[in-house]
Amino acid sequence: MIILDETLLINQGTVRACYHHPHNSSLAIKVPMGCKKDREQANQIELNGYQALMREHKDLSCISHCYGIEPTNHGDGLVCDCICDSDGSVSKSILDLIHSDPPPNLPYVKKVVQELVKYILENNIHIFDLNLKNIVLQQQSDTTYKPIIIDLKGGYELKEFIPLAKYIPYFRRKKLERRCRQLLERTDRYCQKRNSEL
Ligand SMILES: Nc1ncnc2c1ncn2[C@@H]1O[C@H](COP(=O)(O)OP(=O)(O)O)[C@@H](O)[C@H]1O
Ligand SMILES: [Mg+2]
């Protein structure tokens, strides 16, 4: 069993906490927070979503890759790539980066998100949970950012009562376009707000 202690904690989302892998610095492990059923199922949902994406696309460099589920002292953990900047620090989510100090180049952040959206739509990549905390911007040694999606639950966990998007390509595409539009709008809004505070 993998033992995770609090010194390894990277961050928490709404249903899972993410830790550094104690034996491999290039990996992270996500474990459920609490014991509600949906929290415990999140890792399996993400792994299913990841496998579906890999069947459709073969080669995706804009996601963190998943390697399976392993028992830990915090329950079953999903092992995946730990996304780090060129200086070795864990990459920041779009939201954290917008609010970081010193502030980033906000027009450039917006441009990187626009390019990601273009790539997702052109390649019809079915990732729907495109919120500003589920995408990190990995800083490269030349200080450019590479966007990487680190939470792939959305593809399978379509919460609609009748999940039209899951079964009908037309609705799936419309949903993807809607989610991409929302991502752009939110990025714009948060960048504008941050800019007004500077
Ligand atoms: N592969 C990863 N590399 C680096 N940090 C990660 C990774 N996966 C998750 N994180 C961090 O952990 C947080 C929660 O992860 P996430 O998968 O979004 O959990 P939740 O299912 O609760 O939304 C993220 O916002 C991010 O800060
Ligand atoms: Mg998340």
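Residues numbered from 1 in each chain as written. Chains lettered and ligands numbered in written order. Predicted model: local features only at pLDDT ≥ 70, side-chain atom pairs only at ≥ 80, totals over all residues. Heavy atoms only, no water.

Section: the overall build of the chain
- Helix and strand counts for the chain come out as five helices and eight strands.
- Secondary structure elements of the chain, listed N to C terminal, follow the sequence β-β-β-α-β-β-β-α-α-β-β-α-α.
- Relative to the compact-globule value of 16 Å for 198 residues, the chain shows a C-alpha radius of gyration of 17 Å, a close match.
- Counting every position in the chain, which comprises 198 residues, the buried fraction comes to 44%. (Helix = DSSP H or I, 4+ residues; strand = E, 2+ residues; numbered from the N terminus. Rg over C-alpha atoms; globule rule 2.2 N^0.38 Å. Buried < 20%, exposed > 50% of the residue type's maximum accessible area, 1.4 Å probe, protein only.)

Quick look at the site of ligand 1
- Lining the immediate environment of ligand 1, one finds 19 residues, of which Val15, Arg16, Lys30, Asp81 and Lys153 sit closest.
- At 2.6 Å from an oxygen atom of ligand 1 is found a side-chain nitrogen or oxygen belonging to Lys153.
- Starting from 550 Å² of accessible surface for ligand 1 in isolation, the protein chains cover 95%.
- For the shell around ligand 1, the per-class residue count stands at seven nonpolar, six polar and six charged.
- Residues from two domains meet in the shell around ligand 1; each of domain 1 (6-81) and domain 2 (92-197) gives at least three. (Near = heavy atom within 4 Å. Polar contact = N/O pair within 3.5 Å; in protein donor to acceptor, adjacent residues only side chain to side chain. Areas by Shrake-Rupley, 256 points an atom, 1.4 Å probe, with all protein chains shown as cover. Nonpolar A, V, L, I, M, F, W, Y, C, P; charged D, E, K, R; others polar. Domains from an automatic or database assignment.)

Let's talk about the sheet that holds strand β6 (residues 92-93)
- Strand order in this open sheet of three strands is β6-β7-β8, and the pairing throughout is antiparallel. With one partner strand each, in any of the chains shown, β6 and β8 (145-149) form the two edges of the open sheet.
- With two bridges joining them, β6 and strand β7 (residues 135-139) adopt antiparallel strand pairing. Residue pairing for β7: Ser93 is matched across the bridge by Val136.
- Sheet contacts for helix α3 (residues 106-122): β7 and β8; angle to β8, the most-contacted strand, approximately 50°. (Pairing = 2+ DSSP bridges. Contact = heavy atoms within 4.5 Å. Axes fitted to C-alpha atoms, helices over the stretch in contact; angles between N-to-C directions.)

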